[in-house]
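# Secondary and tertiary structure notes
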Protein chains: 2
Amino acid sequence: MSKSNNVYKDAFNRCLRLLDETKSLPSEPELGTLLGVSRTTVRSILSRMEETGLIAWNKRNKTVLRSPRAEDFFPEEETDSLAEIIERSFMRRLLAEGAEAGMQINELELAREIGVGTTSVREFLIRFSRFGLIEKRRNSHWVLKGFTRAFALELTEIREMFELRSASAFVALPEDSGVWVDLDSLEIEHRELASEIATRFNEFSELDERFHRLIHRASHNRFIVDFYDVIAMIFHYHYQWNKAEERQRNAVAVQEHLAYIAALKSRDPAKVDVACRKHLKSARQTLLSSIPEGRQVQPA
Amino acid sequence: MSKSNNVYKDAFNRCLRLLDETKSLPSEPELGTLLGVSRTTVRSILSRMEETGLIAWNKRNKTVLRSPRAEDFFPEEETDSLAEIIERSFMRRLLAEGAEAGMQINELELAREIGVGTTSVREFLIRFSRFGLIEKRRNSHWVLKGFTRAFALELTEIREMFELRSASAFVALPEDSGVWVDLDSLEIEHRELASEIATRFNEFSELDERFHRLIHRASHNRFIVDFYDVIAMIFHYHYQWNKAEERQRNAVAVQEHLAYIAALKSRDPAKVDVACRKHLKSARQTLLSSIPEGRQVQPA
DNA sequence: ATAATGTCTTTTATCGGGAAAAAACATTTT
DNA sequence: AAAATGTTTTTTCCCGATAAAAGACATTAT
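Residues numbered from 1 in each chain as written. Chains lettered and ligands numbered in written order. Predicted model: local features only at pLDDT ≥ 70, side-chain atom pairs only at ≥ 80, totals over all residues.

### Section: the relation of the copies chain A and chain B
In the superposition of chain A on chain B (RMSD 0.0 Å, axial shift 0.0 Å), the rotation amounts to 180 degrees. Expressed as an axis order, the relation between the two copies is that of a two-fold axis. Comparing contact sets, 100% of the residues at the interface of chain A also lie at the interface in chain B, consistent with an isologous, same-surface contact. (Least-squares fit on C-alpha atoms with pLDDT ≥ 70 in both. Contact = placed C-beta atoms within 7 Å.)

Listed below in structure tokens is the structure:
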């Protein structure tokens, strides 16, 4: 077994959801762009849909015969890419108790544990190394630097530097730039979420990412934009792990975002600076407070 | 052939240079730390040295029998790691004319051209991607973003941000910190180089890197420290490629460094800020002036 | 003539295997 | 008993091979 067909399975599932909306499917190239896959994969999907009686397929004609049922879908766990599987396993280990700084990381052991080849694990570790949590010893093992208080402080230091710069670049953007429209719709989404925060608080983290990425893009600097990947990764797993006070925290953050958005719309650099600093300060607090005592020791 | 023994060959060559200095070699573990390799490799080296009559080896006794000759050394090109070989080939292509932004990068083609397996090329590209010059399309090819004027500007923007911050952290370091000693010896090296700049100008780039890395380390921030890898890589290849005015440029840079060092030693943040900005400005100019006209177009 | 479909080719993603190098364990020497 | 040497085991690095997926080319339909 050399390569799983998760791309096909995931696209198939997403295609199934399209069936409910139309009586017939578009052309193969069109479906390809819609699903983000090649025509080769589209045709595999169509073949299976024909076989299972979901559609009648004859050349350009792809008529929907019936609505998809639960059993038509591939199981969720079969739609993940290997990289995602490895990342999840690795992060579980990393955030679990006992992952102390200085610990060695063994490629072979990881690969066996997850049930994948060593190549995929190696590639994952190389990709992951840019997050600053692990380090390679040449011709030897990886060393875990640990999700420590020092890490969180270093991360937030850069984040604050980059976001302040991006925010001041943002207000300097011309009136006809598309960002103002994007900002308006983000503001609306924030207001909607704010009004139902009691029940929808868990939708915040996705909105948070979109908001900050919009601001960072204003820097027009690939290093700043790319650095948000580090932040997003840390926050993603951090929020999965630390659910304490989540509702309250998110309620506060939404309000801070709204103040921040208002400052941006005022185009007054001083106001932006104040609102941005305030939000980043509480974001840092949130992150720091979540680091367990046992991990606050700096590595040697 | 699955793995070359370049680690052994390189360590062997370095060990040969030790033979001139002593009458007998130290213990195996000691040699291992000295050469940065495992005892396994040390023993392979000793075996060969015994076979070729360089030493007499009996347990703890490793007596030098003769001085190494030119033919005892392994050829230089056999001591490079695969990663270095791939990097060089890739950079040659990248900096050569015709490497336009938007161009596709084909793993298989690269691997065939360099004469290595695809795995090594893939791993290289993943590692290289953090330099911001290439980007991966999921399940598909890599895209070259190109060594453009935009790239140079984005790079220097971050560099300036990071170095200014590191420099001000530097002056805040306590008197008993080891950095002041390091700074003193770097100052001496700079003065020595300055006095013979006409002939030794090509030694500047190595000194430059050590100087800036010392400053960046004062930030105590892994993201800042790691970012210097990007700068170092760009400058390394850039200097190999653009030799115009090299002597004059380096003479100026050495003087700027000396002024910068004096400012740091004064511990006056305002003076440091001035000296740092001045040097970074001319470094940026140097980099920008080297980008050929044809590459000044920004990617789409 | 454009855009779709049908078919064939190339590239990517991933595994297993094997030599190089590291690391662990056992034994000897000082 | 501490540190070296001798021996064995494990891990890393890298290749070749193969299915999945993408891409290119040929053919047909509007």
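### Here's the deal with the protein's contact with DNA strand D
Near DNA strand D lie 43 residues; those nearest to it are Ser2, Val7 and Thr40 of chain A together with Glu28 and Gly117 of chain B. Elements with a contribution of two residues or more to the surface near DNA strand D: helix 1 (6-19), helix 3 (39-51), helix 5 (107-114) and helix 6 (118-128) of chain A together with helix 2 (28-35), helix 4 (82-95) and helix 6 (118-128) of chain B. Classifying every residue of the surface near DNA strand D gives nine nonpolar, 23 polar and eleven charged. (Near = placed C-beta within 6 Å. Helix = DSSP H or I, 4+ residues; strand = E, 2+ residues; numbered from the N terminus. Nonpolar A, V, L, I, M, F, W, Y, C, P; charged D, E, K, R; others polar.)

### A short note on the packing of helix 8 (residues 179-195) of chain A against helix 12 (residues 246-266) of chain A
Residues and elements named next belong to chain A. Following both chains from N to C, one finds helix 8 and helix 12 inclined at 155 degrees, their axes separated by 10 Å at the closest point. Taken together, helix 8 and helix 12 sit at an angle that is classed as roughly antiparallel. Crossing of helix 8 against helix 12: the hand is left-handed. Mapping the contact onto sequence places Leu183, Leu186, Glu187, His190, Leu193 and Ala194 in helix 8 and Val254, His257, Leu258, Ile261, Leu264 and Lys265 in helix 12. The residue makeup of the contact of helix 8 with helix 12, split by class, is eight nonpolar, two polar and two charged. (Axes fitted to C-alpha atoms, helices over the stretch in contact; angles between N-to-C directions. Parallel < 35°, antiparallel > 145°, perpendicular 65-115°, else oblique. Left-handed = near helix turned anticlockwise from the far one by under 90°.)

### Focus: the pairing of strand 1 (residues 55-58) of chain A
If a strand is regular, its side chains alternate between the two faces of the sheet. Residue and element names in this part refer to chain A. Of the pairings in the sheet, the one linking strand 1 to strand 2 (residues 61-64) comprises four bridges and is antiparallel in character. When the bridges of strand 2 are listed, Ile55 appears paired with Val64. Hairpin connection of strand 1 to strand 2: two residues between the antiparallel strands, including Lys59 at a positive phi of 55 degrees. (Pairing = 2+ DSSP bridges.)

### Concerning the sheet that holds strand 5 (residues 142-144) of chain B
Strand order across the open sheet formed by three strands is 3-5-4 (chain B), with antiparallel pairing between neighbours. Across the chains shown, the open sheet's two edge strands, defined by having one partner strand only, are strand 3 (104-105) and strand 4 (134-136) of chain B.

### Thoughts on the domain arrangement of chain A
As far as domains go, chain A holds domain 1 (6-77), domain 2 (82-144) and domain 3 (149-295). Centre-to-centre, using C-alpha coordinates, domain 1 of chain A lies 36 Å away from domain 2 of chain A. (Domains from an automatic or database assignment.)

### Considerations on the protein's contact with DNA strand C
Close to DNA strand C lie 43 residues; Glu28, Leu82 and Gly117 of chain A together with Val7 and Thr40 of chain B are nearest. Put simply, the parts of the chain that give the surface near DNA strand C at least two residues each are helix 2 (28-35), helix 4 (82-95) and helix 6 of chain A together with helix 1 (6-19), helix 3 (39-51), helix 5 (107-114) and helix 6 of chain B. For the surface near DNA strand C, the residue count by class is nine nonpolar, 23 polar and eleven charged.

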